[in-house]
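Residue-level listing of the chains:
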Amino acid sequence: MSRWKELPAGLHPHVIRLIVRLRRLKDHSELSTRQLAAQTGYSTKSWQRYLNGRSLPPREAVEAMARLDGDDPARLLVMHEIATQLWAEGKTVSTADTPEDISATPGPTLTRQQPYGRHLRAAVTVGAVVTVLSVSAALLLAMRLTEARARLAHDRSDVVATAPATVSESLVPVIYTCRLEQRDGRWHANLSPTTGVLLSNTQVGLEVAEAQCLLRRAGTAPGEIDGIFGPKTRRAVELMQKQNGLIVNGVIDPPTWQVLREAAPK
């Protein structure tokens, strides 16, 4: 277990809880901060700020950390959404209001700043905000997962004869097989024939897996062919766009599809 610096004074318990959870995931991964930066795409200095409570990590960094450690990102993302709201509002608390499990972790020594009545009203307000954010985040994640499952089920039924893939019982992709071939001067991985679907960060499906196969063939590897448009896939798209004189936006648009299907291998 690594030694951690004390967190800045005045952080809200929910912010502290998120940072402590991220620290535990890093310790469990046994990665150095430099290795963590290489794996997630966020710089070493950025992770030092995130893990020492000097700035709040973006949603993508939290999700990347969870997936890197094999953890379920859903609960961690709910914690992040709550912490983001409290961070934006500049919420702070006193020592007496800090939950026991957070007070026991390395962190700041906080002092009482508000009379009891004002604090009680603030606590009620924070509790209501936490409840609303938790329910909203849970509903949003459920809706996204339902849409992704329905899309994957439809896509999988269309291509099952030509693009076998290992899929979990919940239809969340695990790995896809690239079956690259060139037809009429255009490359295909036989997962999706699309040439114009816009793909960007957080999208999932067979179109993403097709693009990942073509990115790997073009020499800008996106990591696992898992059908998930994450940080590694975005970086691979940006590199490919830069190498081919396209607009570097990290989005797979029609011009990017054209280069992916027609470009010579690196």
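Below is a short write-up of the structure. (Residues numbered from 1 in each chain as written. Predicted model: local features only at pLDDT ≥ 70, side-chain atom pairs only at ≥ 80, totals over all residues. Heavy atoms only, no water.)

## A short note on the packing of aromatic side chains
- One pass over the full model with this rule turns up 1 aromatic pair.
- Note on Trp47 and Tyr50: the rings are 5.4 Å apart at their centroids and 80 degrees apart in plane angle, and the pair reads as edge-to-face. Of the two residues, Trp47 and Tyr50 both sit in helix α3 (residues 44-51), 3 residues apart, roughly one turn of that helix. The two residues Trp47 and Tyr50 agree in class, both being buried. (Phe/Tyr/Trp six-rings, centres within 6.5 Å; stacked < 30°, edge-to-face > 60°. Helix = DSSP H or I, 4+ residues; strand = E, 2+ residues; numbered from the N terminus. Buried < 20%, exposed > 50% of the residue type's maximum accessible area, 1.4 Å probe, protein only.)

## Thoughts on the state of the cysteines
- Taken as a whole and judged by the stated rule, the model has 1 disulfide.
- Disulfide pairing places Cys178 opposite Cys213 at an S-S distance of 1.9 Å. On the sign convention where negative is left-handed, the bridge of Cys178 and Cys213, at about -80 degrees about the S-S bond, is left-handed. Here Cys213 lies in helix α8 (residues 206-217) and Cys178 lies in the loop between β2 (173-176) and β3 (181-183), a separation of 35 residues in the sequence.
- Looking at Cys178, the relative accessible area reads 27%, which means it is partly exposed. (Disulfide = S-S within 2.5 Å.)

## Description of the nonpolar core
- Formed by 24 residues in total, the largest nonpolar core has its most connected members in Leu11, Val15, Leu18, Leu22, Trp47, Met65 and Leu76.
- Elements that contribute at least two residues to this core include exactly α1 (13-29), α2 (33-40), α3, α4 (59-68) and α5 (73-89).
- The biggest single contributor to this core is α1, with 7 residues.
- If we ignore the near neighbours within four places in the chain, the residues touching Val15 are Leu56, Ala83 and Trp87.
- Core analysis: the next-biggest nonpolar cluster, separate from the first, contains 14 residues, Leu199, Ala211, Ala236 and Val259 among them. (Core = buried A, V, L, I, M, F, W, Y, C linked by side-chain atoms within 4.5 Å. Contact = heavy atoms within 4.5 Å.)

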